Amino acid sequence: MKHKILAHLIIFLFSLNYCKSQEIIASVNINADQVVTTDKKIFTTLKTELTNFLNNRKWTSDEFTADERIELNLTISITERVSINSFKSTLSVTARRPAYKTDYKTQTFNHIDEEFQFDYVEYQALDYNENSFATNLTQVLAFYTYLVIAVDYDTFSLNGGTPYYQKALAQVNNAQAAPGGITGWKAYESTKNRYWLAEGFLNPNFKILRTTLYEYHRLGLDVMYDQPKLQAGKDNIAESIEALKTIHNRVPGSLLMQEFFQSKFLEITNIFSESLPAQKSKLYQTLILIDPGNTSRYEKLRQ
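Residues numbered from 1 in each chain as written. Predicted model: local features only at pLDDT ≥ 70, side-chain atom pairs only at ≥ 80, totals over all residues. Heavy atoms only, no water.

A. Geometry of the sheet that holds strand β6 (residues 105-119). Strand order in the open sheet formed by four strands is β2-β4-β5-β6, with mixed pairing between adjacent strands. What marks the edges here is a single partner per strand, and that holds for β2 (24-31) and β6. Sheet twist, expressed as the mean angle between neighbouring strand axes with direction ignored, is 15°. Docked against the sheet, helix α3 (residues 136-156) engages β2, β4 (70-83), β5 (86-98) and β6, running at close to 165° with respect to β6. (Pairing = 2+ DSSP bridges. Helix = DSSP H or I, 4+ residues; strand = E, 2+ residues; numbered from the N terminus. Axes fitted to C-alpha atoms, helices over the stretch in contact; angles between N-to-C directions. Contact = heavy atoms within 4.5 Å.)

Quick look at the structure:
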């Protein structure tokens, strides 16, 4: 009888562990088509090790169920093998989270980092320390992981991502203090690099954008599963987009606004393509003002 009770207890504990998962479910792709080499096995190994680094680490103190996890997709496109263990590349980072009570996944982040240079020795353990600079490879991945988590938290609670924006900024500060000419971390190098991403989300000038992240997702998408609330959800999304005009007037063409609409332009056109003409017309005029780079993509709202 004791053995039977013990067996049931083990199954119960295992089921609890199974239900609670890491925050991130990451997919890593390595594109090395531009690299001429006789041994491309190193890139397969790199893919496996980076996937394990992201998925097997606990990035927050919170517990996520399997269907709550943030989908993180990274594509490293290697442009040059500088030396046997050094690579230049671009990094594409996208993230999605589920809309409440649906199978729909909404994109929350979409960014291309064009200054990603790293060293990698096959089978050498990936070194990372949250409080100091170890390697640019793990530092960059940790930075974007914290940033994606922060944005995700902002979509669930107002300003909920602040601790993780601060962790992302800490990665920037660690990298800036590291010896050597590592690019992508310093304010003066570019207006679109990692420094400006982390600084922007914590900058009071972009407080309204963080409010929009919450209202767009939690008060918009997350209530649209229920047909009676469908229009209310649309109205909340439209109002949250209208509020972004304040940022456009203050900081036109800002990096964070570009990032937001790069993630959302397709979703917005799909949501409002069947809306009332007055709502579509007003939203169209707002969108072409604050997101002129995607004007042609909003034409669907004029029909």
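B. Fine view of the environment of Pro 163. Structurally, Pro 163 can be placed in helix α4 (residues 162-176). When the C-alpha atoms of Pro 163 and Ala 175 are compared, they prove to be 19 Å apart, with 12 residues separating the residues in sequence.

C. Broad picture of the packing of helix α7 (residues 230-242) against helix α10 (residues 277-290). The geometry of α7 relative to α10 is characterised by a closest axis approach of 10 Å and an angle of 30° between their N-to-C directions. As summarised for this structure, α7 and α10 are arranged roughly parallel, according to the angle between their axes. Judged by the twist between their axes, the crossing of α7 over α10 is left-handed. Contact with α7, carried on its side by Gln 231, Lys 234, Asp 235, Ala 238, Ile 241 and Glu 242, involves Gln 279, Lys 282, Leu 283, Thr 286, Leu 287 and Ile 290 of α10 and no other residues of that element. In the contact of α7 with α10, the residues fall into five nonpolar, three polar and four charged. (Parallel < 35°, antiparallel > 145°, perpendicular 65-115°, else oblique. Left-handed = near helix turned anticlockwise from the far one by under 90°. Nonpolar A, V, L, I, M, F, W, Y, C, P; charged D, E, K, R; others polar.)

Honestly, that's just the spatial picture; any functional story needs more than this.
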